[in-house]
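The chain contents come next:
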Amino acid sequence: MLNQTLAIVLHAFKYGDEQVIVELLTETCGRQSCIVRIPKTQKGKIKKQYFQPLFLLDVILDIRPNAKLQKIREARVAVPFLSIPFNPFKLSISLFTAEFIRNATLHEQTDGVLFAYIENSILWLDRCGDNFANFHLVFMMRLTKFLGFYPNLDDYMPGDWFDLRGSCFCRTAPLHHDRLNPGDAEKIGLMLRMNFPTMYLYKMSHSERNRLVDVIINYYRLHIPDFPELKSLPVLKELFG
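Residues numbered from 1 in each chain as written. Predicted model: local features only at pLDDT ≥ 70, side-chain atom pairs only at ≥ 80, totals over all residues. Heavy atoms only, no water.

Undergrad: I would appreciate a short explanation of the sheet that holds strand β8 (residues 179-180) in the present structure.
TA: Across a sheet, strands are paired by hydrogen bonds formed along the backbone, either parallel or antiparallel in direction. The strand order across the open sheet built from three strands is β7-β6-β8, with neighbouring strands paired in antiparallel fashion. Taken across any chain shown, the strands that pair with only one partner, and hence form the sheet edges, are β7 (168-170) and β8. As paired elements, strand β6 (residues 161-163) and β8 share two bridges and run antiparallel to each other. If you follow F162 over to β8, its bridge partner there is L180. (Pairing = 2+ DSSP bridges. Helix = DSSP H or I, 4+ residues; strand = E, 2+ residues; numbered from the N terminus.)

This is how it looks when you write it as structure tokens:
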């Protein structure tokens, strides 16, 4: 069955001489692993450069229920990037974000609201000028709202601990070690209250930012089985560290 949908490229690698295997997050078909033939001639409608991390595509997929790899029949860039491929800091964030989404949404089914959040986040990063150093932190924390383990902020008070297992703030330290002390718990609370336009108001040192990214990834590992080490993380830390 042919399905036309918006898609976000998460990962791609060459397969043979003329084919590319692509992992997509789609608006109407959820996560899909696909194969696409890239014509050698420049006149071909599908270009290899379309399949870069976080590119927003309009695709036609040939979905076969029992196939391990679906076929991409047509593809075009839905929204051309203005800055991400040309800014080394944004590019580093985009590579990390694509790898992060790839692992965080591995088992996600069709979810238009989740897709819209990710799409709008990518477009914000591409179109913003400065003040995007905290983008990945805010993005990861707000993504938990769509994955089912968004922390409850209603009862938060300064000095609270944060229970990483229970996704909640608490007055006293939890009896297990998967917890954040009040200092780190406060930073999590701040990230949850911020959005992309306002996140620049919270100033962090490089070491604080890198500490917080480790905390957030550990939080995901407690809630998503087999969440792996992220290969792009060391580069991100070096650029912002």
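Okay, back to it.
Undergrad: I'm lost on the layout of surface pockets in this one. Help?
TA: Empty space left among the atoms is revealed by rolling a probe the size of a water molecule over them. A volume near 190 Å³ is recorded for the second largest pocket. What lines the second largest pocket is simply L10, H11, P53, L95, A98, E99, R102, N103, P228, E229 and K231. Within the residue set of the lining of the second largest pocket, elements represented by two or more residues are β1 (2-15) and α1 (88-104). No other element matches the five residues that α1 contributes to the lining of the second largest pocket. (1 Å grid on protein atoms, 1.4 Å probe; cavity = no way out; pocket = protein on both sides within 12 Å on 5 of 7 lines; lining within 4 Å. Points joined across faces, edges and corners; volume = space filled by probe spheres on them.)

Undergrad: Even after reading the chapter, I still don't get the environment of K187, so can you show me in this structure?
TA: Along the chain, K187 turns up in helix α4 (residues 182-193). Relative accessible area serves as the criterion here: at 17%, K187 is assigned to the buried category. Sequence separation between K187 and Y117 is 70 residues, and the spatial gap between their C-alpha atoms is 22 Å. Beyond its immediate sequence surroundings of up to four residues, K187 is in contact with Y202, E208 and L212. (Buried < 20%, exposed > 50% of the residue type's maximum accessible area, 1.4 Å probe, protein only. Contact = heavy atoms within 4.5 Å.)

Undergrad: Is there a simple way to think about the packing of aromatic side chains in this case?
TA: Describing an aromatic ring pair means giving the distance of the ring centres and the angle of the ring planes. If you walk through the whole model with that rule in mind, you get 17 aromatic pairs. Taken together, F96, F100, F149, Y156, F162, F169, Y219, Y220 and F227 form an aromatic cluster joined through their ring pairs. When the ring centre of F132 is taken as origin, the NZ or CZ atom of K90, which lies over that ring, is 5.4 Å away. One cation-aromatic arrangement involves K145 over Y150; the distance from NZ or CZ to the ring centre is 4.9 Å. (Phe/Tyr/Trp six-rings, centres within 6.5 Å; stacked < 30°, edge-to-face > 60°. Lys NZ or Arg CZ within 6 Å of the ring centre and 35° of its normal.)

Undergrad: Please explain the sheet that holds β1 as it appears in this structure.
TA: As summarised here, the arrangement of the five strands in space is β1-β2-β3-β5-β4, forming a closed barrel in which the pairing is mixed. Adjacent strand axes in the sheet meet at a mean angle of 55 degrees when their direction is disregarded. Across six bridges, the pairing between strand β4 (residues 56-62) and strand β5 (residues 70-77) is antiparallel. The partner of L61 across the bridge, within β5, is I72. Set on the sheet, α1 makes contact with β1, β2 (19-26) and β3 (30-37); between it and β1 the angle comes to about 110 degrees. Helix α2 (residues 112-127) rests against β1, β2 and β4 of the sheet, and its axis sits at about 60 degrees to β1. (Axes fitted to C-alpha atoms, helices over the stretch in contact; angles between N-to-C directions.)

Undergrad: When you look at the side chain of E99 in this model, what are you seeing that I'm missing?
TA: By the secondary structure assignment, E99 is in helix α1. With no salt bridge to any partner, buried E99 finds its closest opposite charge in R102, at an N-O distance of 5.9 Å. Apart from the residues lying within four places of it in its own chain, the contact partners of E99 are E229, L230, K231 and S232. (Lys, Arg positive; Asp, Glu negative; His and termini not counted. Salt bridge = Lys/Arg side-chain N within 4 Å of Asp/Glu carboxyl O.)

Undergrad: For this particular structure, what's the right way to read the pairing of β1?
TA: Side chains on a regular strand alternate between the two faces of the sheet. Where β1 lies against β4, seven bridges are found, and the strand directions are antiparallel. Bridging from a neighbouring strand, N3 pairs with L61 of β4. Alignment of β1 against β2, held across eight bridges, turns out to be antiparallel. Each bridged residue has a counterpart across the sheet, and for K14 the counterpart in β2 is V20. Taking the residues between adjacent antiparallel strands as the criterion, β1 and β2 are bridged by three residues, where G16 takes a positive phi near 75 degrees.

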